[in-house]
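# Fold and contact review
One-letter residues, chain by chain:
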Amino acid sequence: MLALTALLLAVFLFLLFQGLKQNADEHQAPAAQASASQTDAQEEPAAPPAAVQPTKLPILMYHHLVPDGEACNEMTITAGRMEQDLQWLRDNGYHTVLPRELAAGQALPEKPVLLTFDDGYRSNYELLFPLLQKYQMKAVISIIACMQELQADNFISWDMCREMNQSGLVEIGSHTYSLHNLGEREGRFVAGQPNGIQREAGETDAAFQTRVLDDIQKSYDLISKNVDKVTFFAYPYGVTEPGAEELINRLFPVTVITKPGTADLTQGLHGMPRYTITMDEPPGTFLGAA
């Protein structure tokens, strides 16, 4: 009787061990697959430096992405079109770079291109980031930092910023703290009125310091604290302001406006022009094919 009991106990323990082992294997398999996928992405070779360093840099400006089938305006494109843009750039020999690489004076690959996304919409995380991972391409996202502080639903969070930055594919830049015509103008550019960082009529130096310069410094400080060192500033509406130039150029090694054109790197990294990409004007409208 004791022998039978011992045999049954041994069988039970054997079956229990096998069940636990199978369950552990099932939970480890996805992690192993994910690890292999990450290794594959990391092992993708970087573009070699060009034999003769490029002096021209096309910069593409995007904003918000929407799912395929949704209506678009001049500030939005569909996720499907975004993927087509990335594929076109790859097929035509372009290599994405980041502002911090420019600021560090790193050697550039042949046919460099800088992808910029203004405002920091949540679609940059939900729709753009997976595509950047898929194609191993890079982009800078310039945030209106008050949106992260307010935890606005339609904008990326600090956690999302950190995750994308840590991937090495995304850099977080500044689009000011709140100087984007928020409030009654609902972010819209209004001709004939001060827009973005522009000085208001009759504004004193002290008032300008508080409203504009302190705002820009605050955006820099928050991104530095919550994400990483900041090297990039995108002027709201592409509008510059003489009274803010000294601060902006001191804080940010790389800045861009919205004037169309290809940046000439021999002229420095401040106030570089950008091409606006829309559903009607893809990258091939402005860039040469292979």
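So, how was this worked out
- Residues numbered from 1 in each chain as written.
- Predicted model: local features only at pLDDT ≥ 70, side-chain atom pairs only at ≥ 80, totals over all residues.
- Heavy atoms only, no water.
- Helix = DSSP H or I, 4+ residues; strand = E, 2+ residues; numbered from the N terminus.
- Buried < 20%, exposed > 50% of the residue type's maximum accessible area, 1.4 Å probe, protein only.
- Pairing = 2+ DSSP bridges.
- 1 Å grid on protein atoms, 1.4 Å probe; cavity = no way out; pocket = protein on both sides within 12 Å on 5 of 7 lines; lining within 4 Å.
- Points joined across faces, edges and corners; volume = space filled by probe spheres on them.
- Nonpolar A, V, L, I, M, F, W, Y, C, P; charged D, E, K, R; others polar.
- Core = buried A, V, L, I, M, F, W, Y, C linked by side-chain atoms within 4.5 Å.
- Contact = heavy atoms within 4.5 Å.

## Comments concerning unusual backbone geometry
Although it is not a glycine, Asp-119 adopts a positive phi angle of roughly 95 degrees. For Asp-119, the location among the structural elements is in strand S6 (residues 112-119). On the basis of relative accessible area, Asp-119 is assigned to the buried category, the value being 5%. In this structure, Gln-136 takes a positive phi of about 50 degrees despite not being glycine.

## Quick look at the pairing of strand S8 (residues 170-174)
Most of S8 is tucked away, with five of its five residues classed as buried. Neither face of S8 is open: one carries Val-170, Ile-172 and Ser-174, the other Glu-171 and Gly-173, and all of them are buried. Strand direction decides the pairing type here: strand S7 (residues 139-143) and S8, joined by five bridges, are parallel. If you follow Val-140 over to S8, its bridge partner there is Glu-171.

## Considering empty space enclosed by the protein
In this structure the tally under the stated criterion is one cavity of 30 Å³ or more. Estimates place the volume of the largest cavity at around 40 Å³. Around the largest cavity, the lining residues are Met-61, Tyr-62, His-63, His-64, Leu-65, Glu-74, Met-75, Thr-76, Ile-77 and Ile-277. For the lining of the largest cavity, the secondary-structure elements that each account for two or more residues are strand S2 (59-62), strand S3 (64-66) and strand S4 (76-78). Counted by class, the lining of the largest cavity contains six nonpolar, three polar and one charged residues.

## A closer look at the pairing of S6
Buried residues dominate S6, accounting for eight of its eight residues. As paired elements, S2 and S6 share four bridges and run parallel to each other. Each residue of the ladder has a partner; that of Ile-59, found in S6, is Leu-114. Bridge count between strand S5 (residues 95-96) and S6: two bridges; the pairing is parallel. Across the sheet, residue Thr-96 finds its bridge partner in S6, namely Val-113.

## Points about the nonpolar core
Leu-60, Met-82, Leu-115, Phe-117, Ile-141, Ile-143 and Ile-216 are the most contacted members of the largest nonpolar core, which has 58 residues in total. Considering every element that reaches this core, the biggest residue donor is helix H7 (residues 205-226), with seven residues. Residues within four places of Ile-141 in sequence aside, it is in contact with Phe-117, Gly-120, Asn-124, Leu-128, Ile-156, Met-164, Val-170, Glu-171, Ile-172 and Gly-173. Counting 14 residues, the second largest nonpolar core, distinct from the first, contains Leu-57, Leu-102, Val-256 and Ala-263.

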